[in-house]
Amino acid sequence: MDLGRVAFMHKKWADAEKIYADVGETYADTALAAEAIYWRGVSHYKATNDHTVLGEVSIELGAKYPDNEWTLKSLPWAH
């Protein structure tokens, strides 16, 4: 997660998105995965300005991690 944050802070959106995607997949059975999915979506949005990805992330989080705080943070993005 820290490497993703460093890439994000340096506006290396594609690098951050990949790192967060890897964390989300590697640690899918942990609470860390929800945060990684959230930031993966934000990184993609920052790279493309495609707001639809945020809604998709919210739906993904709701399906995989319904009671997680990162899911709640993504609710404004839901369609």
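For the structure, see preceding data.
Just so it is clear, the structure is predicted and the values come from calculations on it, not from any experiment.

Q: Report on the packing of aromatic side chains, specifying residues and quantitative values.
A: Counted by the stated rule, this structure contains six aromatic pairs. Their ring planes at 70° and their centres at 5.0 Å tell us that F8 and W13 sit as a pair that is edge-to-face. Here F8 matches W13 in class, with each residue buried. Taken together, F8, W13, Y38, W39, W70 and W77 form an aromatic cluster joined through their ring pairs. One cation-aromatic arrangement involves R5 over W39; the distance from NZ or CZ to the ring centre is 5.5 Å.

Q: Quick one: what's the story with the environment of L72, residue by residue and with numbers?
A: Topologically, L72 is positioned in helix α5 (residues 69-74). In this structure L72 comes out as exposed when scored by relative accessible area, which is 53%. Distance in space between the C-alpha atoms of L72 and S58 is 8.6 Å, their sequence separation being 14 residues.

Q: I'd like to hear about the packing of helix α1 (residues 2-9) against helix α2 (residues 13-26), residue by residue, with values.
A: The geometry of a pair of packed helices is captured by two quantities: the angle between their axes and the separation between those axes. The geometry of α1 relative to α2 is characterised by a closest axis approach of 7 Å and an angle of 165° between their N-to-C directions. The angle between α1 and α2 places the two elements in the roughly antiparallel class. Pair α1 / α2 crosses with left-handed handedness. Of α2, the residues touching α1 (which contributes L3, G4, R5, A7 and F8) are W13, D15, A16, I19 and Y20. Of the residues belonging to the contact of α1 with α2, the class tally is seven nonpolar, one polar and two charged.

About the thresholds
Residues numbered from 1 in each chain as written. Predicted model: local features only at pLDDT ≥ 70, side-chain atom pairs only at ≥ 80, totals over all residues. Heavy atoms only, no water. Phe/Tyr/Trp six-rings, centres within 6.5 Å; stacked < 30°, edge-to-face > 60°. Buried < 20%, exposed > 50% of the residue type's maximum accessible area, 1.4 Å probe, protein only. Lys NZ or Arg CZ within 6 Å of the ring centre and 35° of its normal. Helix = DSSP H or I, 4+ residues; strand = E, 2+ residues; numbered from the N terminus. Axes fitted to C-alpha atoms, helices over the stretch in contact; angles between N-to-C directions. Parallel < 35°, antiparallel > 145°, perpendicular 65-115°, else oblique. Left-handed = near helix turned anticlockwise from the far one by under 90°. Contact = heavy atoms within 4.5 Å. Nonpolar A, V, L, I, M, F, W, Y, C, P; charged D, E, K, R; others polar.

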